[in-house]
Structure formats: structure tokens, C-alpha cells
Amino acid sequence: NTYYTLSGTVLDAGGAPVEGVTITANTGESTTTAADGTYQLVDMLAGTYTLSAAKPGLAFSPASRNVMLGPSATDVDFTALYTINGTVRDAAGVGLAGVTISDNHGGSALTDANGVYTLTTSVLGSYTLSASKATMVFAPASQTVTVGPSQMDVNFTGYYTISGTVISSLGAGLSGVTITDDHGGSTTTNSSGAYTLVAYQVGSYTITAAKSGWTFTPTSRTVTVGPSRTGVDFSPLSSISGVVRDPYGLPVAGVTVKAGGKTVLTNASGAFTVDGLALGEYLLSASKPGYTLSPAGYTVLLSSGPRSGFTFKAFSNSTVYLIGPANNAKVALTGTYTPVTFDWYDVANAASYKVTIKANNRAFKTATVTGSTSQMTLSLPLRMRTTYTWTVTAYNAAGQAIATSTTWKFTPTNLY
């Protein structure tokens, strides 16, 4: 038999010899490279052989070479390529499959089912690696290593995320909403109403939304993280607020205020807030037995946030509310007789009004006006150093008193 020799050299990408590379033929023969990167397979019979190179932490180019012996073959060379490898795990330590590992030289690799990846490098030097996968964030954000030799255990931790939107019933995103989880995480919605929370643990999360003047539906959402969760959405609910006062400016409690099928009562300060309203148009109304409310209602458009400052005036149907002369007013005398105009608010179902005036608590003048007129001017023989009081009583068509006023007083000044 005639025997032949297979020989070659293994160099790295920088042209340096690589020692200790195992060169194996498909027929089982093998050898290792020397310090100068050279190898020889001797006593080989004529024929076709497939050679491969291997060394832990290295990849080779080409992956294999086909050689025909007879005669001997030289320059059956390989280039050793350094690698970067590591594992990507989630916060619970479970390997993450399908994560893309990219380097700044244009290389990339995907993690396998166990989260393991291997990047084969094309040049020696510095490499900056980053990890990415939809709906996840990674720590560290990037890592820089120097290749030559290979780099091991360049690991990343992947964190799942919780994402969603806060969009109104009118289709507009609400920005500046604080989204909070029960693990201490928080973020705010952007101009489109979108948010993303990073979940640094695997497990159950309860998410809430908050913004001054707004409420949200649902009030909270609970999700299990691992994998990431999307579509954890909220809808903003707005409010309408205001106050109910009587004609004297005093608060009226217990008034029923309605809007959008929701009902609230005014508090001791006469204030009310109807909340939990989706954006849209509403009729705001107020009512209380024994009272007439003005105005009858407001048409309110909730388009971009809470609305406030809506005021109702509540008239007790058993009270005549006086307007003027104001209580404790000074009335300038104009002569023997001074014209004084008495004003009050009209009372529902009143057919006539009687104005009663007293001077120093003694009967002085009584006058009646019929119809819905709520004003009367009288020429009165007023005198200095006299205190005059006046009241108004309302009567229905049957002549029954249905409402009375409080007592107001005035005093004359500047004798003519």
C-alpha cells in the first residue's frame, strides 16, 4: 500500500497560530495543532476525506473540508473564529428562548430553548452586545467584551413587561396617567395614552391608574406575569362638580343632582361632584322636594377632563327671598314722601304678594300687588331716627298664604 499525508495550519482571524485544535477525519483519524498552528495526519490511504476542526470556545471556517489523497495534500487550512456565548434567563432563572443577541459588528444569534446563545465573531477586538425580544426589557442594556480569546458567560436577564393604554370613550388617549403596580413599580402614560411597566418579578401583579380629577374603569386589573402581558387597558372617567345655594348665597344640603344616570346629594356646603362619567355630553339637573331650582339644568360636554363651577340656585317654595332694599340699608330721604322700591324673588304658584312695613315695630304701611309681579314702589313718609322693617307674604289664588320672608330693615338718612 502507498500512504499519504494530510497537513495544514489553523490561524485565528488576526493571523495568529492556534494551538490545540483537534483535526478529525471522517474515517476516525485525528491529531492536534502544534504551537505554530500546524498539523499532520500521516499514513493515510488514497481516497476522499472530510476533515473538521474543533476546540472548545472556538468556531471554524470552513466548518469542514473535503480532500482527495493520492498524492499527499498540503495547505488544508482552517480559520479559527472566536465566539461569545452566554445565557439569557428571566427573573425566576428560567432560560428564555427566541431572544436576539446582536453585536455592533452586524452579527446576531438567537437563544435556544434553554436560553443559551453563541455568537461567532468575524474580527478580533471590542464587541458590544445587546439583547432584544418583543414586550421584554433586558439587564444590563448592553455589555462590551474584547474578543481574542473567546468570551464565555456574557449573560443577560430578561424582564417581562405589562403594557396597555388609557383611552377615553371618544377614542382619545389620556397622557400623564400614573400607572402603578403592587410591587412598587410605576410609570406614566405618553401622549397617546400608552404605557409600559417593567415587571422585575415573575408572578401576580395588580395594576391601578390615577390622575387628579379622574377616575378609571376598571378600578384595578390583576395579571400574572411570565410571559409579558399586553392590552392591560383602562378607560378614563371624568366628573362634573358645582354647588347649590339659596338666593342669599347660603349652601343648600340634600339636593339631588343627576347626570348620566348617576345621582349624588349636595353636602353640608352645598357642593356636589358627579364622577365616574365617560367622556361625552350630559344633562346636569338638580331637584329637592319643596324647592324650585334655577336653572332647570345644564348641558355639559366632557371632552378633555373634569368640568366644575356649575351653580344652581335653590328657592324654597315656602320662603319669599327678598332683594332690596338690602337688609340694614340706608335710604336717602327726598322730601315729605320718599319713594322706596321693594324687590323680591317670585314664588311658584303665587297669585299675589303683601308687603308689610313697620316703623319702630309699629304698624306703618301695608300694600298688596297681584299677579307674578315681584316688585312694588311706595311713597312713604319716612322719618329720621326711625327703624323700618319690611316683610313679604305670598298668597295663592285661593287667598292662602303659601310663603313668607324673613324680616329686613332699613333706616332713613339725609333729611331733605
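Scroll up to find the structure this text is about.
These notes cover the structure that comes with them. All figures in this text were calculated on a predicted structure; none of them were measured in a lab. (Residues numbered from 1 in each chain as written. Predicted model: local features only at pLDDT ≥ 70, side-chain atom pairs only at ≥ 80, totals over all residues. Heavy atoms only, no water.)

Hydrogen bonds between backbone groups are what pair the strands of a sheet, and the pairing can be parallel or antiparallel. Pairing is antiparallel in the open sheet, where four strands are placed in the order β3-β2-β5-β7. Strands at the two margins of the open sheet, each flanked by one partner only, are β3 (30–32) and β7 (64–69). The average angle at which neighbouring strand axes cross in this sheet is 25°, direction not considered. In the sheet, strand β5 (residues 47–54) pairs with β7 via six bridges, with the strands oriented antiparallel. Looking across to β7, one finds that Gly47 is bridged to Leu69. (Pairing = 2+ DSSP bridges. Helix = DSSP H or I, 4+ residues; strand = E, 2+ residues; numbered from the N terminus. Axes fitted to C-alpha atoms, helices over the stretch in contact; angles between N-to-C directions.)

Under the definition given, this model contains 14 aromatic pairs. Ring geometry for Tyr388 versus Phe410: centroids 5.4 Å apart, planes at 15°, classification stacked. In this pair, Tyr388 sits in strand β37 (residues 388–395) while Phe410 sits in strand β39 (residues 408–413), placing the two residues 22 residues apart along the sequence. Of the two residues examined, Tyr388 and Phe410, each falls in the buried class. Through successive ring pairs, a cluster of aromatic residues spans Tyr248, Phe315, Tyr321, Phe342, Tyr345, Phe364, Tyr388, Trp390, Trp408 and Phe410. (Phe/Tyr/Trp six-rings, centres within 6.5 Å; stacked < 30°, edge-to-face > 60°. Buried < 20%, exposed > 50% of the residue type's maximum accessible area, 1.4 Å probe, protein only.)

Before going further, it helps to spend a moment on the nonpolar core. Judged by nonpolar contacts, the single largest core of 76 residues is most densely connected at Leu6, Leu51, Ile162 and Leu284. Residues Ala329, Leu333, Ala359 and Val369 belong to the second largest nonpolar core, which totals 27 residues. (Core = buried A, V, L, I, M, F, W, Y, C linked by side-chain atoms within 4.5 Å.)

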